Amino acid sequence: MSTIVARRPLDLDQEQFRVPRGQVYIIPHRCKDCQFCIDFCPADVLERSTQLNAKGYHYAVVASGKEDACVNCRFCMLVCPEFAIYSEEAQEVLSADQ
């Protein structure tokens, strides 16, 4: 009896899939330092700022060295009670030789 496999693992066709990239935007004056966005970010892109906004709260910022780590999952947008953060798909920059 032969086995028929209808599904193939995704890693066999890895070159067909690209990792999504996002750009995080933070509106500091809306942030109330709940840190939900920091806690729920799967790529640990965000951290707490050392500066204060006008309301006296530390707001979230993109961590140093993590500028290109966002996978545009938008969890930060979903958990922010103040609508102080959002992400958009990053535009891919093509090099001159492509």
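What counts as what
- Residues numbered from 1 in each chain as written.
- Predicted model: local features only at pLDDT ≥ 70, side-chain atom pairs only at ≥ 80, totals over all residues.
- Heavy atoms only, no water.
- Helix = DSSP H or I, 4+ residues; strand = E, 2+ residues; numbered from the N terminus.
- Buried < 20%, exposed > 50% of the residue type's maximum accessible area, 1.4 Å probe, protein only.
- Contact = heavy atoms within 4.5 Å.
- Areas by Shrake-Rupley, 256 points an atom, 1.4 Å probe, with all protein chains shown as cover.
- Pairing = 2+ DSSP bridges.
- Phe/Tyr/Trp six-rings, centres within 6.5 Å; stacked < 30°, edge-to-face > 60°.
- 1 Å grid on protein atoms, 1.4 Å probe; cavity = no way out; pocket = protein on both sides within 12 Å on 5 of 7 lines; lining within 4 Å.
- Points joined across faces, edges and corners; volume = space filled by probe spheres on them.

**Here's the deal with the overall build of the chain**
Regarding its fold elements, the chain presents two helices and four strands. From first element to last, N terminus to C terminus, the chain shows the α and β order β-α-β-β-α-β. In the chain, which comprises 98 residues, the proportion classed as buried is 23%. Within the chain, counting contacts between residues at least 6 apart in sequence, those at least 24 apart form 58% of the total. Entry remark: accessible area of the chain is about 7,800 Å², with carbon and sulfur atoms responsible for 53%.

**Section: the pairing of strand β3 (residues 58-62)**
A regular strand carries its side chains on alternate faces of the sheet. Bridge analysis of strand β2 (residues 46-52) against β3 gives four bridges, and the strand direction is antiparallel. Residue pairing for β3: Leu 46 is matched across the bridge by Val 62. Counting the residues in the hairpin turn of β2 and β3 gives five residues, including Gly 56, whose phi is positive at 90°.

**Re the packing of aromatic side chains**
A complete count under the given rule lists one aromatic pair for this structure. Judged by centre distance (5.1 Å) and plane angle (25°), the rings of Tyr 25 and Tyr 86 are stacked. Of this pair, Tyr 25 sits in strand β1 (residues 22-26) while Tyr 86 sits in strand β4 (residues 85-89), and the two are 61 residues apart along the sequence.

**Topic: empty space enclosed by the protein**
Evaluated as defined, the whole model comprises two cavities of 30 Å³ or more. Volume-wise, the largest cavity comes out at about 140 Å³. As for the largest cavity, its lining consists of 17 residues, and the residues nearest its centre are Cys 31, Cys 34, Cys 37, Ala 60 and Cys 80. Only α1 (36-40) and β3 provide two or more residues apiece to the lining of the largest cavity. With three residues, β3 is the largest single contributor of residues to the lining of the largest cavity.

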